[in-house]
Amino acid sequence: EMNIEELEHQMISQSMRDQVRILRSTLEDRKYDEMFLRSEGEIQAQHLIFLSHFKMEAGTEATLMRGELDQAVRATIDDEFLAMFDAPIFLDSEDLYSLGDLTTKVKNSHNMILLLTPHVLERPWVLVEIVTAIQANVRVIPVKVMKPGHTFEYPDERFYKRFMHGKVVDTQGQKLLEECDMSMADVVLALRKVFTTLAEEYSPHRTEGIR
């Protein structure tokens, strides 16, 4: 069976190579042997990767990434074990049946990939996902989506100050955070932790010659 290094070298698509690299990040230092101790029903309720994104800015990229990650996962993980998961790669636009189920899905994931686009940190549901993941010790892997006209600005002290003063998320979004029992300080703390990790890059729209 082809290992992950051989797979990476033989991929023609750069975006697929991106997925193999990102997949390697999700598998580092994870004790997947522990999952074999769980019942089949428990495993089916879990996900290897949860994809968090702002649909208007990265809906297409998230769908592409899900497909490519699924291929990479199936090339590196035993098929029989993988078949025990209802959704190894979880994408809320495809798999989520109710928003009330969102935090449970995040908690039941082994990794969360956060797709970084210009306004993703203004989206309250994305912030709920981030805080939930950090509080549940789910590994968050930031991935910067590279495409023309869409530049993600990493949060700085000015951003955090504006956030704490209610200048980033609107009133409705702040109400949602409160309903999820999350304070503005909780969000800032979670974001600071996420961005101590160097972001990967995903560039599905570049031509092969310049990727």
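Rules behind the numbers
Residues numbered from 1 in each chain as written. Predicted model: local features only at pLDDT ≥ 70, side-chain atom pairs only at ≥ 80, totals over all residues. Heavy atoms only, no water. pLDDT = per-residue confidence, 0-100. Helix = DSSP H or I, 4+ residues; strand = E, 2+ residues; numbered from the N terminus. Contact = heavy atoms within 4.5 Å. Buried < 20%, exposed > 50% of the residue type's maximum accessible area, 1.4 Å probe, protein only. Arc of directions from axis to C-beta. Pairing = 2+ DSSP bridges. Axes fitted to C-alpha atoms, helices over the stretch in contact; angles between N-to-C directions. Parallel < 35°, antiparallel > 145°, perpendicular 65-115°, else oblique. Nonpolar A, V, L, I, M, F, W, Y, C, P; charged D, E, K, R; others polar. Phe/Tyr/Trp six-rings, centres within 6.5 Å; stacked < 30°, edge-to-face > 60°.

Thoughts on the confidence of the model for the protein chain
- Mean pLDDT over the protein chain: 79, with 71% of residues reaching 70 or higher.
- Predicted confidence in the protein chain is weakest over helix H1 (residues 4-10), with a mean pLDDT of 45, and strongest over helix H11 (residues 184-194), with 98.
- Throughout residues 6-13 the model reports pLDDT below 50, and contacts reaching past four residues in sequence, or to other chains, amount to 17 contacts.
- Within the model, pLDDT remains below 50 along residues 29-44, and this stretch shows 25 contacts once partners closer than five positions in the same chain are excluded.

Quick notes on helix H10 (residues 171-179)
- Along H10, the residues classified as buried are Gly173, Leu176 and Leu177. An end-on view of H10 places all buried positions within 100° of arc, on one side of the element. Residues of H10 that are exposed and point over 90 degrees away from its buried face: Thr171, Gln172, Lys175, Glu178 and Glu179.
- Packing partners of the buried residues in H10 comprise helix H8 (124-135) and H11.
- Positive phi appears at aspartate 181, one or two residues downstream of H10, with a value of about 60°.

As for the sheet that holds strand E4 (residues 139-145)
- Strand order in the open sheet formed by 5 strands is E2-E1-E3-E4-E5, and the pairing between neighbours is parallel. The open sheet terminates on both sides in strands that have one partner only, identified here as strand E2 (89-91) and strand E5 (200-202). On average, adjacent strands in this sheet sit at an angle of 30° to one another, irrespective of strand direction.
- The pairing of strand E1 (residues 49-52) with strand E3 (residues 111-116) spans 3 bridges and is classified as parallel.

Considerations on the packing of H8 against H11
- Packing of H8 against H11 leaves a shortest axis separation of 9 Å and a crossing angle of 70°. Taken together, H8 and H11 sit at an angle that is classed as roughly perpendicular. Where H8 abuts H11, its residues Leu127, Ile130, Val131, Ile134 and Gln135 lie against Asp186, Val187, Ala190, Leu191, Lys193 and Val194.
- In terms of residue class, the contact of H8 with H11 is made up of 8 nonpolar, 1 polar and 2 charged.

A closer look at the packing of aromatic side chains
- Inspection of every chain in the model, using the stated rule, returns 6 aromatic pairs.
- On the basis of an interplanar angle of 85° and a centroid distance of 5.9 Å, the ring pair of tyrosine 154 and phenylalanine 195 is categorised as edge-to-face. Of the two residues, tyrosine 154 is situated in the loop between E4 and helix H9 (157-164) and phenylalanine 195 in the loop between H11 and E5; the sequence distance between them amounts to 41 residues.
- Residue classification places tyrosine 154 among the partly exposed positions, given a relative accessible area of 40%.
- For phenylalanine 195, a relative accessible area of 19% corresponds to the buried category.
- For the ring pair phenylalanine 159 and tyrosine 160, a centre distance of 5.7 Å and an interplane angle of 75° mean the geometry is edge-to-face.
- Phenylalanine 159 gets classed as buried once you look at its relative accessible area, which sits at 15%.
- For tyrosine 160, a relative accessible area of 6% corresponds to the buried category.
- Chaining the aromatic ring pairs together yields one cluster made of Phe152, Tyr154 and Phe195.

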